[in-house]
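Structure at a glance
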Amino acid sequence: MDKREKDSAEYVDAIQVVKNYSRRWYLFLLGLILSLGLAFVYLYFAPPKYRVSSSILLKNEENQNTLRNSDPTDVTLFNTKQNIDNELEVLNAKSLLHRVFSELSLSVTYHIEEGFKTKEIYGAELPLKLSITKLHPTAYGRSITITRKTSTMFTIQEEGQKPVSHKYGEEISMPYGLFTVIAAPLDSAAKRRTAQPIIVKFHDIVKLANDYSEGLTIEAVNKRASVIRLSVIEAVPEKGRDIINKLLEVYSKEALEDRNRLANTTIQFIDERLKYLTDELTNVEKDVEAFKRDNLVTNVTSDTDEYLKQASTYNQQLAELNNQIDVLESLEKYLQERGGKYEVVPSTLSISEPTLETLISKFNELQLERERMLRTALPSNPLVQDLNDQLASLHLSILENLHTIKQGLMISRRNMQSTSGKFRTQISKVPTIERELLEINRQQGTKGNLYLYLLEKREQAALALEATVAKSRMIDPALVEDKPVSPKKSLVYLFAIIVGLGLPFSGIYIQNALNNKIRSKREVQRLTRTPILGEISRNSSGNSLVITKDSTSPLAELFRLIRSNLYFATAGQENKVLMITSSMPGEGKTFFSINLAASLALIGKSVVVLELDLRRPTMAKQLGLKPGLGITNYLIGKEKYGLEDIIKQHKSVRGMFIALSGSIPPNPSELMTSKNLANFITELREKFDYIIIDTPPVGKVADAFSLNSVVDSVIYILRYNHTTRANIELIDDIYVNKKFPHPMIVLNDSKEASGYGYKSHEIEKEQISLVNL
């Protein structure tokens, strides 16, 4: 197939698809009418919804906190940097919306009927309001109708009950709640609704807020700015505005409450700590006082200096006493060792004792006098003896005096040593006292510093509590867009048109996709290379024989066209025996056999139609003939019957003869393969110009294949929307493997085929392809 033929085939396919859809134009029209009608109803009942939006700026607390200290080590209270993602989650919290709906008293909504629909009214449009004292969960989903009667009276009607009259301001007790109806101030909008019944509906605030949060949009304007935009789609603009404004108010209020709660908690904690530290400081100061009293210190440093000074003095005095005692002991030893000699006694050096000094001085004078006297007198001289006695007496007195002085000095030394020891003990205790006192002072200092720090922080917390400001600022209050965002009429009608056209289109497409039947000639040409002899249109007349001498219907013209194509298909060859078969019952092979024979008979040919569908014969019924002897009877009892017994001239078509099947045999396959049948057909070749054999479907039984040797051509009937694509494989296999001589296809039940002017270019192509066979 060249490019031109390929393009032509694609064009034909496209035309076929368009026609396939255009034939069902009524479905598209019905779809459009229904979809546009539903769109109109939807737009009538769907309330217009508006976008209500607002924006806030989150303040940067790092730069604005008045309690911030320049000291980087200082821990500033309540200085938490805001995270915009956290604030988005907080604003979208359901608990926040619960509080908003509760403060706005949105557990009750008010509605009026306008035509066939119900409309919600809000705010200034309300001629009355309900003040809820108590509402039981059983009230959720319930509705009541309130109708104003007079300026002071109204009626309440519950579903299925009679109206009950009440007064405005009267507390009304119901099984599901307790409430009061209050007449709202009537402005111009509300006055128009005073006579209208008001439908009041009760809602669960929690569920209402949860549902509302799904339609609430909260987003950051951009990544670099700390601006948050809030928007909601609401059918009642004023209600949406109040919800957004109240949401921002509650958000700011809860933030302030959180900060104040934190500040109060901090102040309370600091006060408790200060009370505890005051007690601890008192105890530490008492410990210092007791420690100093127990250790006899006032100031460790000054007391230690005094101790050292006194200890040094005592040590010096002790050293002097030791020197004096040593001198006395030396002198005493000297006197004792030289007790029999008359020598001068040494001086007492550092010992300042007048009596001893006098005795020693007297002793030394007498000693010197004795030595002078001995120069002139003998030792026995009475004067010398007298001096000796005096010296001996003085010697004894000096020893006694030395002993007395030494004892006194030793007593003084012992006393001084005792006193000095006390000072040394006190000095040795100074490091311990100083260390212990330092620890006590450290505790005192730590607690004192902490006390002062907490005092400072308490003042900061108190200042923060008084100076707390909102952490956000409203940039724009809640604003309502002028045009509703839904429903958009143009989009709804456009969608309705798309659906109205798309549903029929999809239905037809799905039907075609799921339909495994052949639907076009082009489809058959794609599935098999078997040549197509022609097409016949649907028989709407109800008659099996549509080809007569005077018939000019399109169907008759199509049979004449097929008759003409048969000539081209067998040009130069004998084509007397034609076998008509199909894939399955109901494809019209018997109808085709009868009318093809009639068409050939009308041009003066003698044609016999053989009904060899021995299993389910229908030709007699279609032609209105009475069943009788037939081919079966002839083949079984040839000796009894002749050709004239089974072959009958058709009463209205001259030259067309019919041979019915006769009795249904028990062994049709054996009869189809018998020599009698072959001889029967051979005998008929000599008597008739054309023999048309109506056989069983080859897709069901193999009877027709037994006639392969006696037929000249095979016409395979395919019926649109009846023959499956899988059956096309059978005829393609027959053609490719040459299981039948000269197989050709006729397409039955065509909705497009016509007689006069029937696709002349296709006829020409078919005739050329048939000649090439």
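In what follows, the structure referred to is the one given above.
Residues numbered from 1 in each chain as written. Predicted model: local features only at pLDDT ≥ 70, side-chain atom pairs only at ≥ 80, totals over all residues. Heavy atoms only, no water.

**What to know about the sheet that holds strand S10 (residues 198-202)**
Two orientations exist for strands paired in a sheet by backbone hydrogen bonds: parallel and antiparallel. How we decide: A pair of strands is considered paired only if DSSP assigns at least 2 bridges between the two. A run of H or I in DSSP becomes a helix once it reaches four residues, and a run of E becomes a strand once it reaches two; helices and strands are each numbered from the N terminus. Comment: axis = line fitted to C-alpha atoms, over the contacting stretch for helices; angle = value between 0 and 180 degrees taken between N-to-C directions.
As summarised here, the arrangement of the six strands in space is S3-S2-S10-S5-S6-S7, forming an open sheet in which the pairing is antiparallel. On the outer flanks of this sheet lie strand S3 (117-121) and strand S7 (164-167), each paired with one strand and no other. The average angle at which neighbouring strand axes cross in this sheet is 35°, direction not considered. The pairing of strand S2 (residues 108-114) with S3 spans five bridges and is classified as antiparallel. Across the sheet, residue Ile-112 finds its bridge partner in S3, namely Lys-119.

**Focus on a nonpolar patch on the surface**
Inclusion rule: Residues form patches when they are more than 30% accessible in relative terms and have no salt bridge. Like charges link within 9 Å. Nonpolar side chains (Val, Leu, Ile, Met, Phe, Trp, Tyr) link within 5 Å. The Shrake-Rupley method, run with a 1.4 Å probe, gives the accessible areas here. Residue values count only the displayed protein chains as cover. Criterion for a salt bridge: a side-chain nitrogen of Lys or Arg within 4 Å of a carboxyl oxygen of Asp or Glu. Relative accessible area decides the class of each residue, using a 1.4 Å probe on protein chains only: under 20% of the type maximum gives buried, over 50% gives exposed, and in between gives partly exposed.
Where nonpolar side chains cluster on the molecular surface, the patch consists of Trp-25, Tyr-26, Leu-27, Leu-29 and Ile-33 and spans about 520 Å² of accessible area. One can find Leu-27 in helix H2 (residues 25-45). Judged by its relative accessible area of 32%, Leu-27 is partly exposed.

**Structural notes on unusual backbone geometry**
Along the chain, Ser-486 connects to Pro-487 via a cis peptide bond; the corresponding omega equals -5°. Mapped onto the elements of the fold, Pro-487 is located in the loop between strand S13 (472-480) and helix H12 (489-514). The phi angle at Asn-721 is positive, at roughly 55°, despite the residue not being glycine. Along the chain, Asn-721 turns up in the loop between strand S20 (713-719) and helix H21 (725-736).

**A look at the pattern of salt bridges**
The tally for this structure, following the rule as stated, stands at 19 salt bridges. For Arg-99, the salt bridge is made with Glu-103, and the minimal N-O distance between the two is 3.0 Å. Of this pair, Arg-99 and Glu-103 are both found in helix H5 (residues 94-103), four residues apart, which corresponds to roughly one turn of the helix. Note on Glu-103: relative accessible area 33%, which makes it partly exposed. Residue Arg-685 is joined to Asp-712 by a salt bridge in which the shortest nitrogen-to-oxygen separation is 3.0 Å. Taken together, the residues Arg-685 in helix H20 (residues 675-687) and Asp-712 in the loop between strand S19 (690-694) and S20 connect sequence positions 27 residues apart.

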